[in-house]
Amino acid sequence: MQLHISPSLRHITVMTGKGVKEFIKVKVGSRKLSYKTLFYSLLLFTFLMRFAYVLSSVDTIDDHTRCSTIGCLGKKLSPSVLRGRNLQSASAVPQVIYQILEDPYSQDEIVGGPDIPQTLEEFVTSMKGSNRPDAKTFAIKLKNMISLLEQRTRTAKIQEYLYRHVASSSIPKNLHCLALRLAHEHATNAAARLQLPVPELVPTLVNNSYFHFVLASDNILAASVVATSLVYNSLRPEIVVIHIITDRKTYSPMQAWFSLHRLAPAVIEVKALHHFDWFAKGKVPVLEAMEKDQKARAQFRGGSSAIVANNIEKPHVIAAKLQAMSPKYNSLMNHVRIYLPQMFPSLNKVVFLDDDLVVQSDLSPLWEIDMNGKVNGAVETCKGGDKFVMSKRFKSYLNFSHPLISNNFDPNECAWAYGMNIFDLEAWRKTNLSENYHYWLEENLKSDLSLWQLGTLPPGLIAFHGHVHVIDPFWHMLGLGYQENTSAADVERAAVIHFNGRAKPWLDIAFPQLKKLWTKYVNFSDKFIKSCHITAS
């Protein structure tokens, strides 16, 4: 019997005997199986075997399980893989590391010692020096190192905020020198005691066809920069009137400065608070509230030391509280805006300016803005590219855990800024805004200062609630005293730039690239400036 297999493997022929033509022909199949197909099949099989070997080897090296090649292959090719689910592999983070890192960690447990790496280089060296450390040891050492460095970073950041608070709260020696020299000049030089303005220009102080600006300050150099930049950039300075309000101790040097440094053709008026009859003779609720506020603050808050000692709050929250502790926020100069209708009974509209800003454009178009019956024209602070400065809402200032606040206001309502505000005094006199302001100051004192963060903006947000007309952000750019990453193009486009924050431009802690925007309006050749060693750097 003979067996013949066709080359295509499609037929098998069996011959039963010699010379006999009988045979059996068997049809194997209709699918053609070529040598080429067989070659590729063997090649694929070889690849799969190599793949199975690699998977089992990696799994063994990873030291999670020790299994045979077949067992590891079965693990890797389980149904869950076929369903597209990701199982733990050699590149995945072991679960024990997540457990260690997510475990709550007390600040008291973080103690620096020789066992905790101080740098990344020390950490890598300690891991290499260990005899095959497991994942748990790796996670514990990593967590200890990161926690220790995080604690040290937080401490250093808070110390920086405290030092900046001290620097911004004190009076620089050169500014104190300037005030003393001008006070001496006021006492010895008749030219430094001239009436401001001169008698023939007094009628302009109540003339509503002029542009009236109000500046409240006890900082002579800062007030000079605001007034100089305002007049210099005005297209019609001859109809600009600047009303400078100061306190009793600063009045003489302030009058001396502006008597000797005229900003003609603009009209300058310098008055102290005690020159106003309503202030000198009447009852001033803000003064009473400030006295109570200072006593309560000393009794319940403990000052800056208590704020810095807080180990729970984030550094930026502590920074905000330290800034609110600044003497500026406890100064009457920061509250006088609430008395504008009484201070200027004959005026219809004024623009109120803080002393830490610079005017870069003509502000006369502000008088053309239709306020739609609102009292306060201000820039909103919840919209803009700067997420640190322009992200403020009512919840950023008011305590919405207190029912008196949560029942009356929306936490997500957009806040607005003091610094450069248009006040329609005619519309103001038709409201009870000032009384409402005093009411909320009293409620805050009764509530142990728990209604809002320290400062004067929170009661302003409440008092002017529903009476604010939003103006274009072009008119008022904020944040130059907070951070230095403000783009030069944005600064140059703004009509008013505001150095709100600790880094005031007259301090050594000012940001150098921003400070020059302020110093350009200081005449460093002036004899008083030179004698007090006030420089641009």
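Treat the numbers as computed from the prediction; the structure is a model and nothing was measured.

Enquirer: Describe in detail the sheet that holds strand S7 (residues 349-353), supporting the description with residues and values.
Expert: Strands sit in the order S6-S5-S4-S7-S10-S9-S11 across an open sheet of 7 strands; the sheet is mixed. Strands with a single pairing partner mark the edges of an open sheet, and in this sheet they are strand S6 (267-272) and strand S11 (468-470). Across the sheet, the mean angle separating the axes of adjacent strands is 25° when strand polarity is ignored. In this sheet, S6 lies alongside strand S5 (residues 240-246) in parallel orientation, the contact comprising 6 bridges. Within S6, the position partnered with Val-241 by the bridge is Val-267. Here helix H8 (residues 220-232) sits on the sheet in contact with strand S4 (211-216), S5 and S7, set at roughly 170° to S5.

Enquirer: Residue-level account of the pattern of salt bridges, with values.
Expert: Counted by the stated rule, this structure contains 6 salt bridges. With a shortest N-O distance of 2.5 Å, Asp-356 and Lys-504 are connected by a salt bridge. Taken together, the residues Asp-356 in the loop between S7 and strand S8 (357-359) and Lys-504 in the loop between strand S12 (496-498) and helix H20 (512-519) connect sequence positions 148 residues apart. Both residues of the pair, Asp-356 and Lys-504, count as buried. Where Glu-443 meets Lys-446, a salt bridge forms, and the shortest distance between an N and an O atom there is 3.8 Å. Of the two residues, Glu-443 and Lys-446 both sit in helix H17 (residues 433-446), 3 residues apart, roughly one turn of that helix. Note on Glu-443: relative accessible area 14%, which makes it buried. Relative accessible area serves as the criterion here: at 64%, Lys-446 is assigned to the exposed category.

Enquirer: Could you give me a rundown of the pairing of S5, with the residues and numbers involved?
Expert: Among the 7 residues of S5, 7 are classified as buried, and the element is accordingly described as predominantly covered. What you see with S5 is no split at all: Val-240, Ile-242, Ile-244 and Thr-246 on one side and Val-241, His-243 and Ile-245 on the other are buried throughout. In this structure, S4 lies alongside S5, joined through 6 bridges in parallel fashion. By the bridge assignment, Leu-215 is partnered in S5 with Ile-244. In this fold, S4 hands off to H8, which returns the chain to S5; that crossover is right-handed. In terms of handedness, the path from S5 via helix H9 (residues 248-260) over to S6 forms a crossover that is right-handed.

Enquirer: I'd like a rundown of the nonpolar core, residues and numbers included.
Expert: Within the largest apolar cluster, 71 residues are counted, with the highest numbers of intra-cluster contacts made by Phe-213, Phe-258, Leu-363 and Ile-497. Looking at this core element by element, the count peaks at 9 residues for H8. Setting aside residues no more than four positions away along its own chain, Phe-213 makes contact with Leu-230, Val-240, Val-241, Ile-242, His-243, Val-351, Leu-353, Leu-363 and Trp-367.

Enquirer: Which residues make up the state of the cysteines, and what are the values?
Expert: Enumeration over the complete set of coordinates arrives at 2 disulfides. Here Cys-177 connects covalently by a disulfide to Cys-532, the sulfurs 2.2 Å from one another. Note on the Cys-177 and Cys-532 pair: the S-S dihedral is about -75°, so by sign convention the disulfide is left-handed. Of this pair, Cys-177 sits in helix H7 (residues 173-188) while Cys-532 sits in the segment after helix H21 (527-531), placing them 355 residues apart in sequence. What makes Cys-532 buried here is its relative accessible area of 4%. Residue pairing for Cys-382: its cysteine sulfur links by disulfide to Cys-414, the two sulfurs lying 1.9 Å apart. Taking the torsion about the S-S bond as the criterion, the Cys-382 to Cys-414 disulfide, at about -110°, is left-handed.

So, how was this worked out
- Residues numbered from 1 in each chain as written.
- Predicted model: local features only at pLDDT ≥ 70, side-chain atom pairs only at ≥ 80, totals over all residues.
- Heavy atoms only, no water.
- Pairing = 2+ DSSP bridges.
- Helix = DSSP H or I, 4+ residues; strand = E, 2+ residues; numbered from the N terminus.
- Axes fitted to C-alpha atoms, helices over the stretch in contact; angles between N-to-C directions.
- Contact = heavy atoms within 4.5 Å.
- Salt bridge = Lys/Arg side-chain N within 4 Å of Asp/Glu carboxyl O.
- Buried < 20%, exposed > 50% of the residue type's maximum accessible area, 1.4 Å probe, protein only.
- Right-handed = clockwise from strand over helix to strand, strands pointing away.
- Core = buried A, V, L, I, M, F, W, Y, C linked by side-chain atoms within 4.5 Å.
- Disulfide = S-S within 2.5 Å.

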